[in-house]
Amino acid sequence: MDENDFEGTIVLERLAEIGKLDAFFEAVDADDFGRAQSLMKRANIDAETIAIVLQKMSDG
């Protein structure tokens, strides 16, 4: 997946499916990269997408 083609909706949908959307937003707001990564792994998000999300967190 190219970062320009990144669609964050799938990430949010998967996190919502496991009931961790609020926890993810809290981790993002706190710049808690480890927690955000852990939550995405629990939601079965692929490593490439996780890397893009973490990069966007870092850039933001």
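Residues numbered from 1 in each chain as written. Predicted model: local features only at pLDDT ≥ 70, side-chain atom pairs only at ≥ 80, totals over all residues. Heavy atoms only, no water.

1. Quick look at the nonpolar core
So, step 1. In this structure, Val11, Leu15, Phe24, Ala36, Met40, Ile45 and Leu54 are the most contacted members of the largest nonpolar core, which totals 14 residues.
So, step 2. Broken down by secondary-structure element, the contributors of at least two residues to this core are helix H1 (8-17), helix H2 (21-29), helix H3 (33-42) and helix H4 (47-59).
So, step 3. At four residues, H4 tops the list of elements feeding residues into this core.
So, step 4. Every residue in contact with Met40, bar those within four places of it in the chain, is listed here: Val11, Leu15, Phe24, Ile45, Ile50, Val53 and Leu54. (Core = buried A, V, L, I, M, F, W, Y, C linked by side-chain atoms within 4.5 Å. Buried < 20%, exposed > 50% of the residue type's maximum accessible area, 1.4 Å probe, protein only. Helix = DSSP H or I, 4+ residues; strand = E, 2+ residues; numbered from the N terminus. Contact = heavy atoms within 4.5 Å.)

2. Things to note about the environment of Ile45
So, step 1. Residue placement: Ile45 occurs in the loop between H3 and H4.
So, step 2. A relative accessible area of 8% means that Ile45 is categorised as buried.
So, step 3. Sequence separation of Ile45 and Arg14 is 31 residues, and the distance between their C-alpha atoms is 7.6 Å.
So, step 4. Look past the residues within four positions of Ile45 in its chain and what remains in contact with it is Val11, Arg14, Met40 and Ile50.

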